[in-house]
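# Topology and contacts: notes
Below are the chains, spelled out letter by letter.
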Amino acid sequence: MIAVIRGTGSYIPPRVVENEELKNYIETSDTWIRERTGIERRHVVTDDTVASMAAKAGRAALENAGIQAESLELIIVSTTSPTQMIPCNACLVQKELGAVNASCFDLNAACSGFVTAYQTACAYIESGLYQKILVIGSEALSCITDWSDRGTCILFGDGAGAVVLAAEKGKKQESVCGADGSMGDALTLYSGYLSNPFGTPVQEEAVADGRKNAFVRMDGQAIFRFAVRKVPQIIEELLQKNNLQKEEIKYYILHQANTRIVEAVAKRTGQPIGKFPMNVQEYGNTSSASVPILLDELCRGGKVRTGDRLVIAGFGGGLTWAASVVTWR
Ligand code: COA
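All of the points below concern the structure found in this document. Remember, predicted model here, so these are calculated numbers, not experimental data.

## A look at the pattern of salt bridges
Following the criterion strictly, the structure yields 18 salt bridges and no others. A salt bridge links Asp30 to Arg34; its shortest N-O distance comes to 3.0 Å. Taken together, the residues Asp30 and Arg34, both in helix H1 (residues 30-37) and 4 residues apart, mark about one turn of the helix. Of the charged contacts, one joins Arg41 and Glu40 as a salt bridge, the two residues approaching to 3.7 Å between their closest N and O atoms. Taken together, the salt bridges that share partners define one network made up of Glu18, Asp30, Arg34, Glu40, Arg41 and Glu282.

## Observations concerning the pairing of strand E8 (residues 175-179)
Side chains Val176 and Gly178 of E8 all project onto a buried face; the interleaved residues Ser175, Cys177 and Ala179 project onto a face where none is buried. Inspection of the sheet shows E8 paired to strand E13 (residues 320-327) by 5 bridges, in the antiparallel sense. Looking across to E13, one finds that Ser175 is bridged to Ser324.

## A word on the nonpolar core
In this structure, Tyr252 and Leu254 are the most contacted members of the largest nonpolar core, which totals 43 residues. Elements with a minimum of two residues in this core: helix H6 (220-241), strand E11 (251-254), helix H7 (259-269), strand E12 (309-316) and E13. Looking at this core element by element, the count peaks at 9 residues for H6. Setting aside chain neighbours within four positions, we find Leu254 in contact with Val231, Ile235, Val262, Val265, Phe276, Val291, Leu294 and Ala313. One finds Val163, Leu298, Ile312 and Ala322 within the second-largest nonpolar core, a separate group that totals 32 residues.

## Re the side chain of Gln119
With respect to the helices and strands, the residue Gln119 is situated in helix H4 (residues 113-127). Looking at Gln119, the relative accessible area reads 13%, which means it is buried. One polar contact links the side chain of Gln119 to the main-chain carbonyl oxygen of Val176, over a distance of 3.1 Å.

## Describing the site of the ligand
Around the ligand lies a shell of 21 residues, among which Thr28, Arg36, Arg150, Gln221 and Asn258 are the nearest. Arg150 is positioned such that a nitrogen or oxygen atom in its side chain is 2.9 Å from an oxygen atom of the ligand. Between the ligand and the protein, one listed contact pairs an oxygen atom with a side-chain N or O atom of Asn258 at 2.6 Å. In the complex, the protein chains occlude 72% of the 970 Å² of accessible area that the ligand would expose alone. Counting only elements with at least two residues in the shell around the ligand, the list comes to H1, H6 and E12. The element that contributes the greatest number of residues to the shell around the ligand is H6, accounting for 4 residues. Of the residues belonging to the shell around the ligand, the class tally is 9 nonpolar, 9 polar and 3 charged.

## Brief notes about the sheet that holds E13
Pairing is mixed across the open sheet formed by 4 strands, whose spatial order is E8-E13-E12-E11. One side of each edge strand has no neighbouring strand; the edge strands of this open sheet are E8 and E11. Averaged over all pairs of adjacent strands, the angle between strand axes in this sheet comes to 15 degrees, irrespective of strand direction. In terms of strand pairing, E12 meets E13 through 8 bridges, oriented antiparallel. Counterpart to Val311 in the pairing with E13 is Val325. Contacts between H4 and the sheet are confined to E8, E12 and E13, with E13 contributing the most and set at about 55 degrees to the helix.

## Observations concerning the packing of aromatic side chains
Under the criterion given, the structure shown has 5 aromatic pairs. Centre to centre, the rings of Tyr25 and Trp147 are 6.1 Å apart; their planes meet at 50 degrees, and the pair counts as tilted. One end of the pair, Tyr25, is in the loop between strand E2 (15-18) and H1; the other, Trp147, is in the loop between strand E6 (132-140) and strand E7 (158-168), with 122 residues separating them in the sequence. For Tyr25, a relative accessible area of 48% translates into the label partly exposed. With a centroid separation of 6.4 Å and 50 degrees between ring planes, the pair formed by Phe105 and Tyr124 is classed as tilted. Of the two residues, Phe105 is situated in strand E5 (residues 103-107) and Tyr124 in helix H4; the sequence distance between them amounts to 19 residues. Members of the aromatic cluster, joined through ring pairs, are Phe105, Tyr124 and Tyr130. It is Lys230 that lies over the ring of Trp321; its NZ or CZ is 4.1 Å from the centre.

## Observations concerning the packing of helix H2 (residues 50-65) against helix H3 (residues 89-97)
For the pair H2 and H3, interaxial distance at closest approach is 9 Å and the crossing angle is 55 degrees. Here H2 lies oblique to H3, going by the angle between them. H3 is crossed by H2, and the crossing has right-handed handedness. Residues Val50, Ala51, Ala54, Ala55, Gly58, Arg59 and Leu62 of H2 touch H3, and the partners they reach there are Asn89, Leu92, Val93, Glu96 and Leu97.

Basis of the calculations
Residues numbered from 1 in each chain as written. Predicted model: local features only at pLDDT ≥ 70, side-chain atom pairs only at ≥ 80, totals over all residues. Heavy atoms only, no water. Salt bridge = Lys/Arg side-chain N within 4 Å of Asp/Glu carboxyl O. Helix = DSSP H or I, 4+ residues; strand = E, 2+ residues; numbered from the N terminus. Buried < 20%, exposed > 50% of the residue type's maximum accessible area, 1.4 Å probe, protein only. Pairing = 2+ DSSP bridges. Core = buried A, V, L, I, M, F, W, Y, C linked by side-chain atoms within 4.5 Å. Contact = heavy atoms within 4.5 Å. Polar contact = N/O pair within 3.5 Å; in protein donor to acceptor, adjacent residues only side chain to side chain. Near = heavy atom within 4 Å. Areas by Shrake-Rupley, 256 points an atom, 1.4 Å probe, with all protein chains shown as cover. Nonpolar A, V, L, I, M, F, W, Y, C, P; charged D, E, K, R; others polar. Axes fitted to C-alpha atoms, helices over the stretch in contact; angles between N-to-C directions. Phe/Tyr/Trp six-rings, centres within 6.5 Å; stacked < 30°, edge-to-face > 60°. Lys NZ or Arg CZ within 6 Å of the ring centre and 35° of its normal. Parallel < 35°, antiparallel > 145°, perpendicular 65-115°, else oblique. Left-handed = near helix turned anticlockwise from the far one by under 90°.

Purely geometric stuff here, so don't read any function into it on its own.
What follows is the structure in structure tokens.
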């Protein structure tokens, strides 16, 4: 058996923060942000949490798939900004949706998290263990952003996206997934209170200075160079593994970090930019939610038809990367 996407859903919090509004917190301009990132605005949580957004996106995906919550056997939530650690967000979603028969866990592979969770769910279905799985990417990055750091706070936004996967007969498709921990310092987020009474605090500085380091810190240029070099390589590797030509892919759905990254990947891949849909202008970088939000927009906009082949690809902190071919049913 293989996994096919039966339905998609997403949820975007209603509060919009335009680039102009960021001038209240940092020295910046709408022009600078648009030119360097393509971002025009982002949506941020006010009342929502990672779990509440995940549940709303998950419910929309179930409705789209015509599948009852009770028939789910597994829920995976990918998040790098969990509002709480225990219970895991997948358990909170299970409770909210009434998915009483589902096992639950969260997964963190930063901005590669949704594609990694998708690959994990596919492996469960291919092994025969489960038939129906809900995979969600949900992020409240505005809550782990240092709003006085103009190098990062302009980039991020909040939201959630989800897919329902179901088992069907078909030919297995290969994926690509990897990491380079040696470059991890380029993008970090520490938990601020990692210490015990017996020795040196794990993050001395963080403990000494409360939540100082409990924000995303980033070497933007290092991440930029990594993404532009790595993503075309993994697309090439993925297509080779599946005996596919670039032209056979209808859309390359990349993690929405920055329009310049997507444009550079399109150029290096030698495919028209129209095959690389983008919505980073509206939402900013929503980390592991960006790929399923974009997938849902394409699906609901009637842009994806039965038989279409898509590439989904995530990249980011870790450093990590993951890419899969999705054949639409
Ligand atoms: N507004 C105005 N000026 C800003 C600014 C802002 N928000 N942020 C930085 N600047 C300034 C810098 O201070 C610097 O000024 P200086 O030349 O006087 O020192 C100048 O703009 C250039 O800064 P730099 O950091 O070199 O800009 P950049 O072209 O590398 O763009 C990013 C910065 C973050 C937009 C870019 O590196 C990027 O997009 N990186 C990838 C990040 C990413 O996608 N991360 C998530 C991956 S999952």
